[in-house]
Amino acid sequence: MQWQDEAIIIGVKRHGETSVIAEVMTRGRGRHLGIVRSGRSRTMQPVLQPGNRVEVVWRARLDEHLGEFKLEPVKLRAARLMETATSLYGVQAMGALLRLLPERDPHPHLYEALDVILETMDDPADAGELFVRFELAILNDLGYGLDLAECAATGVRDDLLYVSPKSGRAVCGAAGAPYADRLLALPSFLKEGSRAAADAAGMAAAFRLTGYFLHRHIYEPRGITENAARDGFVQAALKALSRPDVQEAG
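Residues numbered from 1 in each chain as written. Predicted model: local features only at pLDDT ≥ 70, side-chain atom pairs only at ≥ 80, totals over all residues. Heavy atoms only, no water.

Undergrad: Pulling in residues and values, what's your account of the pairing of strand 1 (residues 2–15)?
TA: Summarising the sheet, strand 1 and strand 4 (residues 53–59) pair through 7 bridges and their orientation is antiparallel. Its bridge partner being in strand 4, Gln4 is matched across the sheet by Val57. For strand 1 and strand 2 (residues 19–26), the ladder comprises 8 bridges, and the chain directions are antiparallel. For His15, the partnering residue across the bridge sits in strand 2 and is Ser19. Taken together, strand 1 and the strand that follows it, strand 2, pair antiparallel across an intervening segment of 3 residues, in which Gly16 is found at a positive phi of about 75°. (Pairing = 2+ DSSP bridges. Helix = DSSP H or I, 4+ residues; strand = E, 2+ residues; numbered from the N terminus.)

Written out as structure tokens, the structure reads:
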């Protein structure tokens, strides 16, 4: 068995004395693991860093085997991703999100999104907004997508201010006002067709929104805890967005 694909490194762990097991997100075959012989060598260590894009060849006797990877670097961006807190935590947090998906289950749109987000991690506003949309995409692919297009109570598409924590559907201001303390805020930049920029308050609301549904539908039922890197990314992104120079630029 053999295939070749483009991939992004999302994790590595030791295997024996000199090898590693690399975890990658491929364009066409989803999240995949494989052994990299001599993966701890000086030549391979810089390549096997989270966030790097590589060309991968996988070989195994049978499809269900772990198999071996042969990797060639395409874009080495790990060093840049270590320069800021948002990028350092962000690449770890997105790797943890991808591990919620079944292994070897294709999600080409998530590969594309991951590649784009990794290119914008040095901009806290763009990185935060794209990260939230990545979480929404993960929820959708796991069968728990949110419906933010129209009001769940009236069907209107205007004045959408809330999200129902029960249904995951948007609620307009008029219908939601009596229950506002029990509803989640819908940030303006997440509304369908919106061109609004994400500010610190809106981003905080967005992180609460996706965090709530990830916990309710994924973490709690599976008996797992939220990856600490997400909290690190959230705090770093909000801190950066609160700086006057970032607000003026937005």
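More follows now that the structure is in view.
Undergrad: Just give me the short version of the sheet that holds strand 6 (residues 160–163), but keep the residues and values in it.
TA: Sheet strands line up and pair through hydrogen bonds in the backbone, either parallel or antiparallel. Read from one edge of the open sheet, 3 strands run 7-6-8, paired in antiparallel fashion. Edge strands, defined here as strands with exactly one partner in the open sheet, are strand 7 (170–172) and strand 8 (184–185). Note: strand 6 against strand 7, 3 bridges, orientation antiparallel. Its bridge partner being in strand 7, Val163 is matched across the sheet by Ala170.

Undergrad: With reference to specific residues and values, describe the pattern of salt bridges.
TA: Going through the model one piece at a time under the given rule, you end up with 19 salt bridges. A salt bridge links Arg31 to Glu23, with the shortest nitrogen-to-oxygen separation between them at 2.9 Å. Linking Glu112 and Arg27 is a salt bridge whose minimum nitrogen-to-oxygen distance equals 1.9 Å. Of this pair, Glu112 sits in helix 3 (residues 108–119) while Arg27 sits in the loop between strand 2 and strand 3 (30–36), and the two are 85 residues apart along the sequence. The exposure class assigned to Arg27 is partly exposed, which follows from its relative accessible area of 28%. (Salt bridge = Lys/Arg side-chain N within 4 Å of Asp/Glu carboxyl O. Buried < 20%, exposed > 50% of the residue type's maximum accessible area, 1.4 Å probe, protein only.)

Undergrad: Please provide a residue-by-residue account of the packing of aromatic side chains, values included.
TA: Enumeration over the complete set of coordinates arrives at 6 aromatic pairs. Aromatic pair Phe131 and Phe207: ring centres 6.4 Å apart, planes at 65°, arrangement edge-to-face. Residue Phe131 is located in helix 4 (residues 124–141), and its partner Phe207 is located in helix 6 (residues 200–222); the two are separated by 76 residues in the primary sequence. Each member of the pair, Phe131 as well as Phe207, carries the same accessibility label: buried. Ring plane angle 90° and centroid distance 5.0 Å describe the contact between Tyr212 and Phe213, whose orientation is recorded as edge-to-face. Tyr212 gets classed as partly exposed once you look at its relative accessible area, which sits at 32%. (Phe/Tyr/Trp six-rings, centres within 6.5 Å; stacked < 30°, edge-to-face > 60°.)

Undergrad: Describe the side chain of Arg53, listing the residues and the values that go with them.
TA: Looking at where Arg53 falls in the secondary structure, it is placed in strand 4. Take Arg53: its relative accessible area is 15%, and that puts it in the buried class. Of the polar contacts made by the side chain of Arg53, one reaches the side chain of Asp115; its length is 3.2 Å. If we ignore the near neighbours within four places in the chain, the residues touching Arg53 are Glu6, Ala7, Ile8, Pro73, Val74, Lys75, Arg77, Tyr111 and Asp115. (Polar contact = N/O pair within 3.5 Å; in protein donor to acceptor, adjacent residues only side chain to side chain. Contact = heavy atoms within 4.5 Å.)

Undergrad: I'd like a rundown of helix 6, residues and numbers included.
TA: With 23 residues, helix 6 ought to run about 33 Å at 1.5 Å a step, and its terminal C-alpha atoms sit 31 Å apart, in line with that. At His215, helix 6 shows its largest kink, close to 45°. Just beyond helix 6, the residue with positive phi is Gly223, at close to 70°. (Expected span 1.5 Å × (residues − 1). Bend = angle between axes of the 7 residues up to and from the residue.)

Undergrad: I'd like to hear about helix 2 (residues 85–98), residue by residue, with values.
TA: The terminal C-alpha atoms of helix 2 lie 20 Å apart, and with 14 residues this matches the ideal 20 Å at 1.5 Å per residue to within 8%. Counting buried positions along helix 2 gives 10 out of 14 residues, so the element sits mostly inside the fold. Along helix 2, the residues that are buried comprise Thr86, Ser87, Gly90, Val91, Ala93, Met94, Gly95, Ala96, Leu97 and Leu98.

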